[in-house]
Structure formats: structure tokens, C-alpha cells
Amino acid sequence: MRQLKAIILAAGEGSRMKSKKPKVLHEILNKSMVDYVIETAKGCGAEEVCVVVGHKAEEVKAGIRAEGISFALQAEQKGTGHAVMMAGDFIDESSDMLILYGDTPLITGETLTKLVEVHRTEGHSVTVVSSKIEDPTGYGRIMRDDHGGFERIVEHKDATDTQRMINEINTGIYIFNGRELKESLGKLNNNNAQGEYYLTDIVGKAVAEQIEVTSAQPDAIWETLGVNSKRQLAELERIYQKNMAEA
């Protein structure tokens, strides 16, 4: 059985939180968002976890309660692909690599376990978590061919008006074959308007090179919701409390 490792991206400043505290350390019921993600990653079988830190890196490191965590530093925020590059030494070619986010605290172990199972059962190099939502504004859209096969991801700002009508979005959560991920990161460039390195480009290149890419869906839309403001944090906390009450 291949080993499972997880990289959690937690380097962003989160300026819209309007807080001196690093975004990923904001809490839901007395536990930081990033600690929820670490706990879930370990719960679904990730034997090792690396958190990519950047903004107030030392404060984030000190604020994480989980033990046995590796860290990688993204001194400059140059996109999701660049963040994963900074964790290059952690990537194991013989392992499967989960990519998660420190500000997406409600992702469940059930969904990640299903993601791993789909990825391994179907033998794909890349598996993307996609979701259908009512308002996809701001999210990358999943493009499919005439047979429903995965084609590529188009970022919202690059999408045409027709493409923006698509409501299947890229959540940014992936599982990669470690060897494919390492090779693809080496080919990644920042030839775009933002001058950043995007993980979505790796997925697009994989399809172009006829490397199998598939997608899996979460059981609930709220699992992949990220937090960019205190209002969104409060909304996710209410969802979490409701889920606990129902359980």
C-alpha cells in the first residue's frame, strides 16, 4: 500500500479577516482552522503532514497544537503551485500526496477517504475534488468534454461569459501521485497576468499529456467552503455546531 502524505497550504495573510492574528489560527469552538484540517488529514490516513507557512510564519507554527508536523516556508506568496514547490523536499515519489488548505476547516474525513479510494482504485495520477454550487463566482470552473470527461480548469478571471455559467467548480483540493507531482512542479511556469504559479496548470498539462485525471465530489457543499472574513468564519461555526447537534 502506498503511503499517504498531506501538504496543507497556510501561508496567506488573510487581509480580509481584518485581524492581527494569522487567518488559519482563527478558531471554531476553541480550535484553530488549521488544526481541524491537520486532524482530518491524519484521520483519513495521512502518515505525515507538512504545513506551508508564510505570513507570520513563527506565530502560525507556535499556534498549531498538533504534534509531529513538518513545516515549509513560502516567504513570498506566488500562488498555490509555488507554495507546493516550497514543500518539495517533503514530496515523496512513491507516496500519494494530498493537497489541502488551512482555511477550509470543515472538510470531512469521509470525503478525503473517498477521494483517496477513487484515486487509487482508478489508478489516476491526479484526482480533483469538484463541487456544484449555486454561485460559482470567483472559483475556477471544471471544463468537461462531450462525454463528461475531465478536460481542464479555467480560472474565473480567465473564463468567458459562457464558461462562467458553469456551476461545477474546482475546490482546490487534490491528490497527486508523488512522482507526477514532482515532475509537474519542475515544468510549472508563471506566464500569466498575476505572475504566479498555479496548481491548476499542473492539472491542465496532465490532461494535455493524456495523463489520466478524474474528479470526486464532497458529500456536502459546506465541506469545501473557505474562510476569507469573520462573517464567513461565523457561518462555518454555525454549520459545525448544527452538524455536532445532529450527530
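Quick note: structure is the one above.
Residues numbered from 1 in each chain as written. Predicted model: local features only at pLDDT ≥ 70, side-chain atom pairs only at ≥ 80, totals over all residues. Heavy atoms only, no water.

Caption draft 1: Seen up close, the overall build of the protein chain. Across its full length, the protein chain carries 7 helices and 11 strands. In terms of overall dimensions, the protein chain is globule-like: its C-alpha atoms have a radius of gyration of 17 Å, near the 18 Å expected for 247 residues. Across its three principal directions, the C-alpha atoms of the protein chain cover 45 × 40 × 40 Å. Counting the 247 residues in the protein chain, one finds 51% classified as buried. Pairs at least 24 residues apart make up 72% of the contacts formed inside the protein chain by residues separated by at least 6 positions. When the accessible surface of the protein chain is summed, it comes to about 12100 Å², and 45% of that surface belongs to carbon and sulfur atoms. Counting 29 positive and 38 negative side-chain charges, the protein chain places the averaged centre of each group 6 Å from the other. (Helix = DSSP H or I, 4+ residues; strand = E, 2+ residues; numbered from the N terminus. Rg over C-alpha atoms; globule rule 2.2 N^0.38 Å. Buried < 20%, exposed > 50% of the residue type's maximum accessible area, 1.4 Å probe, protein only. Contact = heavy atoms within 4.5 Å. Areas by Shrake-Rupley, 256 points an atom, 1.4 Å probe, with all protein chains shown as cover. Lys, Arg positive; Asp, Glu negative; His and termini not counted. Charge placed at Lys NZ, Arg CZ, Asp CG, Glu CD.)

Caption draft 2: Examining helix α5 (residues 178-187) more closely. The set of residues buried in α5 consists of Gly 178, Glu 180, Leu 181, Ser 184 and Leu 185. Seen from one end, α5 has its buried residues packed into an arc of 155°, which puts them on one side. Buried residues along α5 sit against α3 (80-86), β6 (96-101), β10 (168-177) and α6 (199-208). (Arc of directions from axis to C-beta.)

Caption draft 3: Structural context of the packing of aromatic side chains. All chains considered together, the criterion is met by 2 aromatic pairs. Between Tyr 36 and Tyr 240, the aromatic rings sit 5.2 Å apart at their centres with planes inclined by 70°, giving edge-to-face as the arrangement. Pair noted here: Tyr 36 is in helix α1 (residues 33-43) and Tyr 240 is in helix α7 (residues 230-246), with a separation of 204 residues, a long-range link. Residue classification places Tyr 36 among the buried residues on the basis of a relative accessible area of 6%. Residue classification places Tyr 240 among the partly exposed positions, given a relative accessible area of 23%. Residues Tyr 174 and Phe 176 carry aromatic rings whose centres are separated by 5.5 Å and whose planes lie at 40° to one another, so their mutual orientation is tilted. Given the relative accessible area of 0%, Phe 176 is considered buried. Lys 5 extends its terminal NZ or CZ atom over the ring of Phe 90, reaching a point 4.1 Å from the ring centre. (Phe/Tyr/Trp six-rings, centres within 6.5 Å; stacked < 30°, edge-to-face > 60°. Lys NZ or Arg CZ within 6 Å of the ring centre and 35° of its normal.)

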